[in-house]
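Each chain, written out:
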Number of protein chains: 4
Amino acid sequence: MAGVNKVILVGNLGADPEVKHLEGDKVVANLRLATTEAYKDRNGNRVENTEWHDLELWDGQAKIAEQYLKKGMQLYVEGKIKSDSWQDEQGNNRKRVKIRVINFTMLGGRPEGAGSPSQGTSAYSGNSPKPAAVPVMDSPGEEDDLPF
Amino acid sequence: MAGVNKVILVGNLGADPEVKHLEGDKVVANLRLATTEAYKDRNGNRVENTEWHDLELWDGQAKIAEQYLKKGMQLYVEGKIKSDSWQDEQGNNRKRVKIRVINFTMLGGRPEGAGSPSQGTSAYSGNSPKPAAVPVMDSPGEEDDLPF
Amino acid sequence: MAGVNKVILVGNLGADPEVKHLEGDKVVANLRLATTEAYKDRNGNRVENTEWHDLELWDGQAKIAEQYLKKGMQLYVEGKIKSDSWQDEQGNNRKRVKIRVINFTMLGGRPEGAGSPSQGTSAYSGNSPKPAAVPVMDSPGEEDDLPF
Amino acid sequence: MAGVNKVILVGNLGADPEVKHLEGDKVVANLRLATTEAYKDRNGNRVENTEWHDLELWDGQAKIAEQYLKKGMQLYVEGKIKSDSWQDEQGNNRKRVKIRVINFTMLGGRPEGAGSPSQGTSAYSGNSPKPAAVPVMDSPGEEDDLPF
DNA sequence: TTTT
DNA sequence: TTTT
């Protein structure tokens, strides 16, 4: 029976995208996204808890990621859980979980950028030219061309 | 900054819950949930793809799971991704991803059960007495008492 | 900046679909879906609260709705909020909110149907032949053909 | 049977919150949130479509809204659809749909604010002191105290 | 108007 | 009425 496997994340990129251009025009981008929750423990102390997610984007989305996404940016991500299973050298069953991104959008990104130089570093300064103009990318069909 | 880490699943249980009663009244239940997607590949053949999810429920929810959930049942689940990291005996970094359940509800479960015997097996026949009456369980606060 | 407008519902149909075949092969189906939440008030009394939603499906989804959906069935629905605004005869601004369905799947629907007669009524008995086999319908692109 | 009624929005506030302090310490805040989707029509022209949502927050969340939210800010919102029904003076059945907010978080909010003056206007400049530090507010239980 |  |  048809099921539902949906993930919704809002978090920040821990690094620039890692992009691989494969044969046959395929492109894959891998992202590390941190989602942080803050709460008070029973003693009233503020606790922060960060979860790191491995995201995988393909083709059109991967190209957008390569072009616009930078370490530190805040993203909204919708995707699904996908796991790879294999046996390691010791013969142990191994499993790795990734989020296959269905669509995403950049958040915040107040560009105004008066006087914001293009630093040598790739870290996101919130001042890149119009990153927020990248629309949500929906994966089925339309994902293969850049949306502008 | 506050983030969002949300998972929404609709799928079927691959087995009865595994429940552990810990010291100090803590209870934990582990579930295996299958979400299946069906689509047609480029040749028009129907393909089915099943993803297995490890769910973890605590305390009040774990008790409800223990009492009502059976292999085969269809569930709606809302939760968040949580990973455990450790080093294995070979010193490799290992990571395991689970879904910490925030709330869930049983789906379908047409009880009427005309002629449905209580089989010796624990597999869900769709005829158990009123499973669908279990409400969505929200985890914060109210999760520790059975909701009926 | 690209936004997110997402609705996720699990509920029951209050009536059979109302389907209109428009010129140019367009088809639209309107559904009424009830989502019920149950909770205990401060006196410990069980309270039920039902919200009725107006759903709108187009083309391929509308045809599937016409063919398979029946009053009483339980659905998972994903969509977005869409409002129509107009002026009524008195010149008042009026607004109506609908859920534009992006995809849906039938839930439960234990087909086995031992002894379930095909009643003259259209109300769902939970015994119709394999409704649960209808996959989630995604709207972009593939929505115009029946998925089997 | 327990249902699901969930709304997830990412959008911008069209105005400052409207807050009412009621008797008995109750507080309610009303927000107008715009979610915009952009797509290309069949002629390849970029089209923008904005949906306006009426949000309602209570008590602790309302106080946070009153204190921190400003016109123009970008929010992530989770809530549920709630409708009020009544008869107008002409005896017509009327219905109004609101989003009852369950939790929300402010997005973006590049605080650093080099050279950003505190303008007399209340419009969000993206430079207010650390708005992004406000965590997601969950409504059940903990909602009545400010979370810091 | 559904469902429990 | 927001945002780009």
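Residues numbered from 1 in each chain as written. Chains lettered and ligands numbered in written order. Predicted model: local features only at pLDDT ≥ 70, side-chain atom pairs only at ≥ 80, totals over all residues. Heavy atoms only, no water.

## Structural notes on the interface of chain C and chain D
- Taken together, the contact between chain C and chain D spans 30 residues of the former and 30 residues of the latter.
- One can count four salt bridges joining chain C with chain D.
- E37 of chain C is the salt-bridge partner of K80 of chain D, the closest N and O atoms lying 3.0 Å from each other.
- Linking chain C with chain D are 12 residue pairs in polar contact (both at pLDDT 80 or more), by the criterion used here.
- Of all the secondary structure elements, the ones that give two or more residues to the side of chain C that touches chain D are strand 1 (4-13), strand 3 (27-40), strand 4 (46-58), strand 5 (74-87) and strand 6 (93-106) of chain C.
- Here the side of chain C that touches chain D gets seven residues from one element, more than from any other, and that element is strand 1 of chain C.
- Counted by class, the side of chain C that touches chain D contains 11 nonpolar, 10 polar and nine charged residues.
- Pairing between strand 1 of chain C and strand 1 (residues 4-13) of chain D: seven bridges, direction antiparallel. Paired with K6 of chain C across the two strands is I8 of chain D, which belongs to strand 1 of chain D. (Contact = heavy atoms within 4.5 Å. Salt bridge = Lys/Arg side-chain N within 4 Å of Asp/Glu carboxyl O. Polar contact = N/O pair within 3.5 Å; in protein donor to acceptor, adjacent residues only side chain to side chain. Helix = DSSP H or I, 4+ residues; strand = E, 2+ residues; numbered from the N terminus. Nonpolar A, V, L, I, M, F, W, Y, C, P; charged D, E, K, R; others polar. Pairing = 2+ DSSP bridges.)

## So, the confidence of the model for chain A
All names here are of chain A.
- Averaged over chain A, the pLDDT score is 81; the fraction of residues at 70 or greater is 72%.
- The low-confidence segment residues 110-122 (pLDDT under 50) makes 17 contacts with residues lying over four places distant or belonging to another chain.
- Below a pLDDT of 50 lies the segment residues 127-148, which in the model reaches 63 contacts outside its immediate sequence neighbourhood of four places, other chains included. (pLDDT = per-residue confidence, 0-100.)

## Here we look at the side chain of E56 of chain C
All names here are of chain C.
- For E56, the location among the structural elements is in strand 4.
- Residue classification places E56 among the buried positions, given a relative accessible area of 11%.
- A polar atom in the side chain of E56 sits 2.5 Å from the side chain of K98.
- Sequence-distant contacts of E56, that is, excluding residues within four places in its chain, are made with V28, A29, N30, K98, I99, R100 and V101. (Buried < 20%, exposed > 50% of the residue type's maximum accessible area, 1.4 Å probe, protein only.)

## Quick word on the relation of the copies chain A and chain B
- The two copies are related by a screw operation: chain A maps onto chain B through 180° of rotation and 0.0 Å of translation along the axis, at an RMSD of 0.0 Å. What the rotation and shift describe, once combined, is the action of a two-fold rotation axis. Across chain A, the rotation axis passes nearest the C-alpha of V7 of chain A, at a separation of 2.3 Å.
- Most of the interface of chain A is mirrored in chain B, where 100% of its interface residues are also at the interface. (Least-squares fit on C-alpha atoms with pLDDT ≥ 70 in both.)

## Digging into the pairing of strand 5 (residues 74-87) of chain D
All names here are of chain D.
- Sheet analysis places strand 1 next to strand 5, joined by six bridges and oriented antiparallel. Each bridged residue has a counterpart across the sheet, and for L9 the counterpart in strand 5 is V77.
- Where strand 5 lies against strand 6 (residues 93-106), 13 bridges are found, and the strand directions are antiparallel. Bridge pairing in strand 6 links W86 to R94.
- Connecting strand 5 to the next strand, strand 6, in antiparallel fashion are five residues, including G91 with a positive phi near 80°.

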